[in-house]
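# Observations on the three-dimensional arrangement
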Amino acid sequence: MKASIGVVMDPIQTIKIHKDSTFAMMLEIQRRGWELFYLEQRDIYLLHCCPYARVRPLRVRDDPSGWFTLGEGREIPLFALDAILMRKDPPFDMEYIYTTQLLELAQREGTLVVNRPQSLRDANEKLFTAWFPECRPPTLVSREAQRFVDFLEEQQEIVVKPLDGMGGASIFRITRDDPNRNVILETLTAHATRFAMAQRYLPEIRDGDKRILLVNGEAVPYALARLPKPGEFRGNLAAGGTGKGVPLSERDQFIVRRVGPVLRDKGILFAGLDVIGDYLTEINITSPTCIRELDSLYDLNISALLMDCIEEKLEQCT
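In this text the structure is predicted, and so the values were computed from the model without any measurement. Per chain, residues are indexed from 1 in the order of the written sequence. For a predicted model such as this one, the threshold for reporting local features is a pLDDT of at least 70, and the threshold for listing and counting side-chain atom pairs is 80 or more; totals across whole chains, interfaces and linings nevertheless cover every residue. In computing side-chain properties, one takes all heavy atoms of the structure into account and sets aside hydrogens as well as water.

## Observations regarding the overall build of the protein
Where we set the bar: Labels follow the DSSP assignment, with helices taken as runs of H or I lasting at least four residues and strands as runs of E lasting at least two, numbered in each case from the N terminus. To get the radius of gyration, use the C-alpha atoms; to get the globule rule, take the number of residues to the power 0.38 and multiply by 2.2 Å. Working definition: with a 1.4 Å probe on protein chains only, accessible area under 20% of the residue-type maximum means buried, over 50% means exposed, and in between means partly exposed. Between two residues, a contact is recorded if the distance between any of their heavy atoms is within 4.5 Å. Surface exposure here means Shrake-Rupley accessible area, sampled with a 1.4 Å probe, where a residue is shielded only by the protein chains that are shown.
Secondary structure assignment for the protein yields eight helices and 18 strands. Against the compact-globule benchmark of 20 Å for 318 residues, the protein has a radius of gyration of 20 Å, which places it among compact chains. Projecting the C-alpha coordinates of the protein onto the three principal axes gives extents of approximately 60 × 45 × 40 Å. Every one of the 318 residues in the protein was classed for burial, and the buried ones make up 53%. Sequence-distant contacts, at least 24 apart, represent 66% of the contacts inside the protein between residues at least 6 apart. About 14,600 Å² of surface is accessible on the protein, with carbon and sulfur atoms providing 49% of the total.

Structure representation (structure tokens):
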């Protein structure tokens, strides 16, 4: 089939193609001979209750010396596209929410939006783990510093983080005797005006923070274990971690069986589960990464699995 696909993303000139999952998706779209269009948040607008965008035809090349060519821009209704990939990175702020609302108007007119805009708003990547209590570690979400202090007393050692970040940004590990405890909690909660999350510190992080990719609720059979660099507790690649491929464990598969069907029902076609030891710590649905790393390690084409799913859903609508 032929399809027209728009990709909402961060500026393409800033990406690192050797590890960018959106770039992997665009290569696969192009390989299939589908029309590929590039747009940023600023290109989307509403006029007379109709969502529009300035889109530019895009050609991509797997070449670090020059990986894209943009054609002449034109204005189109968003629903003129068969599908839109929402791949804008967090922070998940009000601008992000407004964008999902405009994309939802296109969805109402028949455009497939991946992932479903309402689910992007409903399923916060940190907080959504609470829907799966049998999978997650002991967790607290609060604005009040004293609750975090009490939780720390109970757990002995915790990791605290904002609800809207990515890439390991503003994540802290706190012990009971940490002299910076209060200032960390005051900063994260903005003096009791902003929610933050705490989870029990999991020493299994030494074996990696595993990223498990799901396509329409089904897991890729291998995960990328992101190992912290020396002197660091965060495994995020953006924080200097290194990746090692590992097969899914029985516990990983248990978590996938619990989470996968819920994601499928919510129209979340592409997701990344973060698992440390036996515990689910995050459910990434905005712009999950690690396609290129897993493809390279195991000779996979994860983007093809996603595009097969998109093609099937487009055919069901015709």
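## Concerning the state of the cysteines
For clarity, the threshold we go by: A pair of sulfur atoms, both from cysteines and within 2.5 Å, is called a disulfide here.
Overall, the coordinates contain zero disulfides when judged by the stated rule. This cysteine, Cys50, is not joined by any disulfide, and Cys49 carries the nearest cysteine sulfur, 8.9 Å off. When its relative accessible area of 14% is taken as the criterion, Cys50 is described as buried. Summary of cysteine pairing: Cys317 is not part of a disulfide, and the nearest cysteine sulfur, belonging to Cys309, is at 11 Å. On the basis of relative accessibility, which here comes to 65%, the residue Cys317 falls in the exposed class.

## What about the packing of aromatic side chains?
Counted only if it meets this: Each Phe, Tyr or Trp ring (for Trp, its six-membered ring) is paired with any other whose centre lies within 6.5 Å, and the angle between the two planes then decides the class: stacked below 30 degrees, edge-to-face above 60, tilted in between. In this analysis the charged atom, NZ for Lys or CZ for Arg, is taken to sit over a ring once it is within 6 Å of the ring centre and within 35 degrees of the ring normal.
Here the structure, examined in full by the defined rule, presents six aromatic pairs. Aromatic pair Phe92 and Tyr96: ring centres 4.7 Å apart, planes at 35°, arrangement tilted. Using a relative accessible area of 22% as the deciding quantity, one classes Phe92 as partly exposed. By the ring-pair criterion, three or more aromatic residues cluster together here, those being Phe128, Trp131 and Phe132. Its end group placed over the ring of Phe195, Arg143 keeps NZ or CZ at 5.1 Å from the ring centre. Above the ring of Tyr201, the side-chain terminus of Arg173 is found at 4.0 Å from the ring centroid.

## Comments concerning the environment of Arg74
Relative to the elements of secondary structure, Arg74 occurs in strand 6 (residues 74-77). Separated by 18 residues in the primary sequence, Arg74 and Arg56 place their C-alpha atoms 6.6 Å from one another. Ignoring anything within four residues of it in the chain, the contact list for Arg74 reads Phe37, Ala53, Arg54, Val55 and Pro57.

## Let's talk about helix 5 (residues 181-188)
The test is simple: This arc describes the spread of directions from the helix axis toward the C-beta atoms.
Residues Ile184, Leu185 and Leu188 constitute the buried set of helix 5. End-on view of helix 5: buried residues confined to an arc of 95°, all on one side of the axis. Contact partners of the buried residues in helix 5: helix 4 (145-155), strand 10 (157-162), strand 11 (172-175) and strand 12 (196-200). At the C-terminal side of helix 5, Ala190 shows a positive phi close to 50°.

## Remarks on the sheet that holds strand 9 (residues 139-142)
Rule in force here: Two strands qualify as a pair provided DSSP detects at least 2 bridges between them. Axes, fitted as lines to C-alpha atoms, cover a helix only where it is in contact. Angles between the N-to-C directions of the axes lie from 0 to 180 degrees.
Read across the open sheet, the four strands follow the order 9-12-10-11; overall the sheet is antiparallel. Every interior strand has two partners, whereas the edge strands, strand 9 and strand 11, have only one. The sheet shows a mean angle of 25° between the axes of neighbouring strands, direction not considered. Judged from the four bridges that link them, strand 10 and strand 11 form a sheet pairing that is antiparallel. In the strand pairing of strand 11, Val160 is matched with Phe172.

## Thoughts on the environment of Cys49
Summarising the element assignment, Cys49 is placed in the loop between strand 3 (44-47) and strand 4 (50-60). Sequence spacing of Cys49 and Val141 is 92 residues, and the spatial spacing of their C-alpha atoms is 37 Å.

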